Amino acid sequence: YSSLVANAAVYGHCFCWHVDADPAEMPPSAWRDAYGDYTNGASGRPLLVSLLVYVDDEWRREWDAETLFLDDERGVGVLVQPRPGRCVLMHQDVLHRVSAPSLAARRPRYSLVLR
């Protein structure tokens, strides 16, 4: 199963922390019957990943709209600045969110996510 999601983050919006998918929380299905309840990255099991692609032709640092990744247990994280054509490959069970573009951007920050 895969899907393509288009995002357009705009100034003033608030984005929630989320995971794209967690195999330990999959609903009942033939897929879950075949692979069971497991931790993403477990040996011999499918690895669930998302590919995030920043698609703007231009994005300046002062426009913000970074993607934030959080290790909730330790309270530390990483941010990735949008850059034209930049791609981020991540495990789907990583806690993350988008920060809103600044008022200076005067435009949405576009991205595509393949999950």
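Residues numbered from 1 in each chain as written. Predicted model: local features only at pLDDT ≥ 70, side-chain atom pairs only at ≥ 80, totals over all residues. Heavy atoms only, no water.

Peer 1: Tell me about the side chain of N40, and please be specific about residues and values.
Peer 2: If you trace the backbone, N40 turns up in the loop between α1 (30–35) and β2 (49–54). In this structure the side chain of N40 is engaged in a polar contact, spanning 2.9 Å, whose partner is the backbone nitrogen of L48. A polar atom in the side chain of N40 sits 3.2 Å from the side chain of D93. What N40 contacts, discounting residues up to four positions off in sequence, is P23, P46, L47, L48, H91, Q92 and D93. (Helix = DSSP H or I, 4+ residues; strand = E, 2+ residues; numbered from the N terminus. Polar contact = N/O pair within 3.5 Å; in protein donor to acceptor, adjacent residues only side chain to side chain. Contact = heavy atoms within 4.5 Å.)

Peer 1: Residues and numbers for a nonpolar patch on the surface, please.
Peer 2: A cluster of nonpolar side chains, namely L4, L47, V49, L51, V55, L89, Y110, L112 and L114, defines an oily patch on the protein surface of about 760 Å² accessible area. For the nonpolar patch, the secondary-structure elements that each account for two or more residues are β2 and β7 (109–114). Looking at which element gives the most residues to the nonpolar patch, the answer is β7, with three residues. Looking at the element boundaries, L47 is found in the loop between α1 and β2. (Patch = residues over 30% accessible without salt bridge, like charges linked within 9 Å, V, L, I, M, F, W, Y side chains within 5 Å. Areas by Shrake-Rupley, 256 points an atom, 1.4 Å probe, with all protein chains shown as cover. Salt bridge = Lys/Arg side-chain N within 4 Å of Asp/Glu carboxyl O.)

Peer 1: Please provide a residue-by-residue account of the packing of aromatic side chains, values included.
Peer 2: Overall, the coordinates contain three aromatic pairs when judged by the stated rule. Where W59 meets W63, the ring centres are 5.0 Å apart and the plane angle is 80 degrees; that geometry is what we call edge-to-face. The exposure class of W63 is buried, given its relative accessible area of 7%. One aromatic cluster is present, built from ring pairs that chain together W31, Y35 and Y38. (Phe/Tyr/Trp six-rings, centres within 6.5 Å; stacked < 30°, edge-to-face > 60°. Buried < 20%, exposed > 50% of the residue type's maximum accessible area, 1.4 Å probe, protein only.)

Peer 1: Residues and numbers for the sheet that holds strand β4 (residues 76–80), please.
Peer 2: Strand order across the open sheet formed by three strands is β4-β3-β6, with antiparallel pairing between neighbours. Taken across any chain shown, the strands that pair with only one partner, and hence form the sheet edges, are β4 and β6 (95–98). Adjacent strand axes in the sheet meet at a mean angle of 20 degrees when their direction is disregarded. Inspection of the sheet shows strand β3 (residues 67–71) paired to β4 by five bridges, in the antiparallel sense. Looking at β4, one finds that L70 is bridged to G77. (Pairing = 2+ DSSP bridges. Axes fitted to C-alpha atoms, helices over the stretch in contact; angles between N-to-C directions.)

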